[in-house]
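As a plain string of letters, each chain reads:
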Amino acid sequence: MTWFPSQAAILLLSAILASGCATEAERKFGARPGSFTVSVYPVNVIQRSAFDHDVKLADEIVSFLKTEGLAQPRLVNEPINYPFEPSNNQQKMLKRSAKSFSDQIAKEDIATDYALLVEILCYSGETRLHGVHFYLSDPDGNIVDIGLTNSHWKEFREVQPRSRHDGYEVAIRMLRRKWGK
């Protein structure tokens with residue numbers, strides 16, 4: 001099997017979480033007894049450094065989470081804005097976006113257990129996607145779960161995304177895999 005940098009980084013994060021080096025917030029999320037409440041923010045569809053905040057896709061994520069029984073979601077209409085810096089290194093983009101999201105959530109007054117943001121990365125147009133990320137934060141801004149996928153990952157290859165809605169499909173497959181029963 002060929003290992004790609006993004007796969008290795010996610011596996012390293014998983015190993016750290018499993019080894020007991022996880023933060024208290026990550027342990028709490030991992031040990032959750034059942035369903036949890038989550039504020040779902042508009043999906044950030046990013047082309048280079050231009051954002052489109054898609055509330056409709058966020059609403060579809062809300063419906064998915066309810067239908068699958070993965071969480072008790074609440075749609076948030078206000079977008080999360082942050083300075084996005086494109087890079088050839090997807091791990092760097094993931095890390096910067098996670099930090100920006102967590103910093104903003106720490107300043108918010110969310111009325112749920114967690115906050116969720118999905119990010120869909122497009123090349124210059126929405127006819128080819130570069131990757132899909134998600135970030136889950138507790139109300140204090142601690143990232144408790146994170147997801148990254150690109151053409152090296154199963155969910156991405158299965159969908160072969162060519163639009164933001166295909167990116168949504170990749171995201172729900174990631175959430176189902178990570179949070180499913």
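Here the structure is shown first, and the text comes after it.
Notes on the structure in this doc start here.

What counts as what
- Residues numbered from 1 in each chain as written.
- Predicted model: local features only at pLDDT ≥ 70, side-chain atom pairs only at ≥ 80, totals over all residues.
- Heavy atoms only, no water.
- Helix = DSSP H or I, 4+ residues; strand = E, 2+ residues; numbered from the N terminus.
- Buried < 20%, exposed > 50% of the residue type's maximum accessible area, 1.4 Å probe, protein only.
- Areas by Shrake-Rupley, 256 points an atom, 1.4 Å probe, with all protein chains shown as cover.
- Expected span 1.5 Å × (residues − 1).
- Polar contact = N/O pair within 3.5 Å; in protein donor to acceptor, adjacent residues only side chain to side chain.
- Salt bridge = Lys/Arg side-chain N within 4 Å of Asp/Glu carboxyl O.
- Axes fitted to C-alpha atoms, helices over the stretch in contact; angles between N-to-C directions.
- Parallel < 35°, antiparallel > 145°, perpendicular 65-115°, else oblique.
- Left-handed = near helix turned anticlockwise from the far one by under 90°.
- Contact = heavy atoms within 4.5 Å.
- Nonpolar A, V, L, I, M, F, W, Y, C, P; charged D, E, K, R; others polar.

1. Focus: the overall build of the protein chain
- A count of helices and strands for the protein chain gives six helices and seven strands.
- Helices and strands in the protein chain line up, N terminus first, as α-α-β-β-β-α-β-α-β-β-β-α-α.
- Every one of the 181 residues in the protein chain was classed for burial, and the buried ones make up 46%.
- Carbon and sulfur atoms provide 51% of the accessible area of the protein chain, an area that totals close to 9200 Å².

2. A closer look at helix α4 (residues 90-107)
- Counted at 1.5 Å a residue, the expected span for α4 with its 18 residues is 26 Å, and the 26 Å between its end C-alpha atoms agrees.
- Taken as a whole, α4 has its buried residues at Q90, M93, L94, S97, A98, S100, F101, S102 and I105.
- For α4, the capping residue at the N-terminal end is N89, with a side-chain oxygen 2.9 Å from the backbone nitrogen of Q91.

3. Digging into the pattern of salt bridges
- Applying the stated criterion across every chain yields a total of 11 salt bridges.
- In this structure, R164 engages D52 in a salt bridge whose closest nitrogen and oxygen atoms are separated by 2.6 Å. Of this pair, R164 sits in helix α6 (residues 164-179) while D52 sits in strand β3 (residues 50-54); the two residues are 112 residues apart in sequence, bridging distant segments of the chain.
- Judged by its relative accessible area of 17%, R164 is buried.
- The salt bridge partner of E68 is R176, with a shortest N-O separation of 3.3 Å. Pair noted here: E68 is in helix α3 (residues 55-68) and R176 is in helix α6, with a separation of 108 residues, a long-range link.
- For R176, a relative accessible area of 34% corresponds to the partly exposed category.
- Shared partners join several salt bridges into a network, and the residues in it are K154, E158, E169 and R173.

4. Topic: the packing of α3 against α6
- Their axes nearest at 11 Å, the elements α3 and α6 cross at an angle of 30°. One finds that α3 runs roughly parallel with respect to α6. When the axes of α3 and α6 are compared, the crossing they make is right-handed. Here L57, E60, I61, F64, L65 and E68 of α3 lie close against α6, whose contacting residues are R164, H165, Y168, I172, L175, R176 and W179.
- Across the contact of α3 with α6, the residue classes break down as eight nonpolar, one polar and four charged.

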